[in-house]
Amino acid sequence: MKNIHFYKTEIGKIAIAMEENFLTNIFYEYRFHLSVNCNFFERETKIMKNVFSQIQEYLCSKRKIFDVQIRLQGTDFQKKVWEELIKIPYGKTRSYKEIAQQIEIPKGARAVGMANHNNPIPIIIPCHRVIGTSGNLVGYGGGLSLKQKLLFLEKSV
């Protein structure tokens, strides 16, 4: 059973979900309804406080790398994409096409986009760093304005 707790941040409300000692989800406020349909119980833990603290540090431009134990839950393909996203350095971007090429599925840009859309741990798995081949911001589960804000935050340091 997963444990969840809700927090207020500069980017709106988020929920942090854990299973055992592993981070499994970060929900943006508009996705809170997803957590209601799952087997969650609400209780804040020290690890959750630590995750929240690291997110706050990131949002204040004081953290570039997260030190969090995660448990990825998805298809093998999704996990492969998410593991590649974690490799994108702070302040850098990659295109969906580049990610597809890096995971050796050169025509898989759309599938990479779908894996990004289903990213269970946004910010820590930095799907906001993935952009269109043209350089345009396209698609983000938290909305394009949030994607732009996170990318701006990373470039301002």
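Here the structure is shown first, and the text comes after it.
Analysis parameters
Residues numbered from 1 in each chain as written. Predicted model: local features only at pLDDT ≥ 70, side-chain atom pairs only at ≥ 80, totals over all residues. Heavy atoms only, no water. Helix = DSSP H or I, 4+ residues; strand = E, 2+ residues; numbered from the N terminus. Rg over C-alpha atoms; globule rule 2.2 N^0.38 Å. Buried < 20%, exposed > 50% of the residue type's maximum accessible area, 1.4 Å probe, protein only. Contact = heavy atoms within 4.5 Å. Areas by Shrake-Rupley, 256 points an atom, 1.4 Å probe, with all protein chains shown as cover. Lys, Arg positive; Asp, Glu negative; His and termini not counted. Charge placed at Lys NZ, Arg CZ, Asp CG, Glu CD. Core = buried A, V, L, I, M, F, W, Y, C linked by side-chain atoms within 4.5 Å. Polar contact = N/O pair within 3.5 Å; in protein donor to acceptor, adjacent residues only side chain to side chain. Salt bridge = Lys/Arg side-chain N within 4 Å of Asp/Glu carboxyl O. Axes fitted to C-alpha atoms, helices over the stretch in contact; angles between N-to-C directions. Parallel < 35°, antiparallel > 145°, perpendicular 65-115°, else oblique. Nonpolar A, V, L, I, M, F, W, Y, C, P; charged D, E, K, R; others polar.

### Side note on the overall build of the chain
(1) Moving on: Assigned secondary structure in the chain consists of 6 helices and 6 strands.
(2) Moving on: Order of helices (α) and strands (β) in the chain, N terminus to C terminus: β-β-β-α-β-α-α-β-α-α-β-α.
(3) Moving on: Taken against the 2.2 N^0.38 rule, which gives 15 Å for 157 residues, the C-alpha radius of gyration of the chain at 15 Å falls within 12% of a compact globule.
(4) Moving on: On the principal axes, the C-alpha backbone points of the chain span a range of 45 × 35 × 25 Å.
(5) Moving on: Going through the 157 residues of the chain one by one, you find that 46% of them count as buried.
(6) Moving on: Considering only contacts in the chain between residues 6 or more positions apart, those separated by 24 or more positions represent 60%.
(7) Moving on: Looking at the chain as shown, the accessible area adds up to about 8600 Å², and 51% of this sits on carbon and sulfur atoms.
(8) Moving on: Put simply, the chain has 23 plus and 14 minus side-chain charges, and the middle of one group is 5 Å from the middle of the other.

### Brief notes about the nonpolar core
(1) Moving on: Judged by nonpolar contacts, the single largest core of 38 residues is most densely connected at Ile 16, Leu 23, Ile 55 and Leu 85.
(2) Moving on: Top contributing element to this core by residue count: helix H2 (residues 46-59), with 6 residues.
(3) Moving on: Dropping the residues within four chain positions of it, Ile 55 is found in contact with Ile 14, Ile 16, Ile 26, Phe 66 and Ile 123.

### Comments concerning the side chain of Thr 24
(1) Moving on: Inspection of the secondary structure assignment puts Thr 24 in strand E3 (residues 22-28).
(2) Moving on: A relative accessible area of 1% places Thr 24 in the buried class.
(3) Moving on: Reaching out from Thr 24, the side chain makes a polar contact with the side chain of Asn 25 at a distance of 2.9 Å.
(4) Moving on: Contacts of Thr 24, omitting those with residues within four sequence positions, involve Lys 2, Ala 17, Met 18, Glu 19, Arg 71, Gln 73, Pro 120 and Ile 121.

### Let's talk about the pattern of salt bridges
(1) Moving on: If you walk through the whole model with that rule in mind, you get 5 salt bridges.
(2) Moving on: The partner of Glu 20 in a salt bridge is Arg 71, with the nearest N and O atoms 3.0 Å apart. Of this pair, Glu 20 sits in the loop between strand E2 (12-19) and E3 while Arg 71 sits in the loop between H2 and helix H3 (76-86), and the two are 51 residues apart along the sequence.
(3) Moving on: With its nearest N and O atoms 2.9 Å apart, the salt bridge here joins Arg 129 to Glu 154. Of the two residues, Arg 129 sits in the loop between helix H5 (109-117) and strand E6 (130-131) while Glu 154 sits in helix H6 (residues 144-155), which places them 25 residues apart along the sequence.

### A word on the packing of H3 against H5
(1) Moving on: The interhelical angle for the contact between H3 and H5, taken along N-to-C directions, is 80°, at an axis separation of 9 Å. Between H3 and H5, the angle falls in the class roughly perpendicular. In contact with Phe 77, Gln 78, Val 81, Trp 82 and Leu 85 of H3, H5 contributes Ala 111, Val 112, Ala 115 and Asn 116.
(2) Moving on: For the contact of H3 with H5, the per-class residue count stands at 7 nonpolar, 2 polar and no charged.

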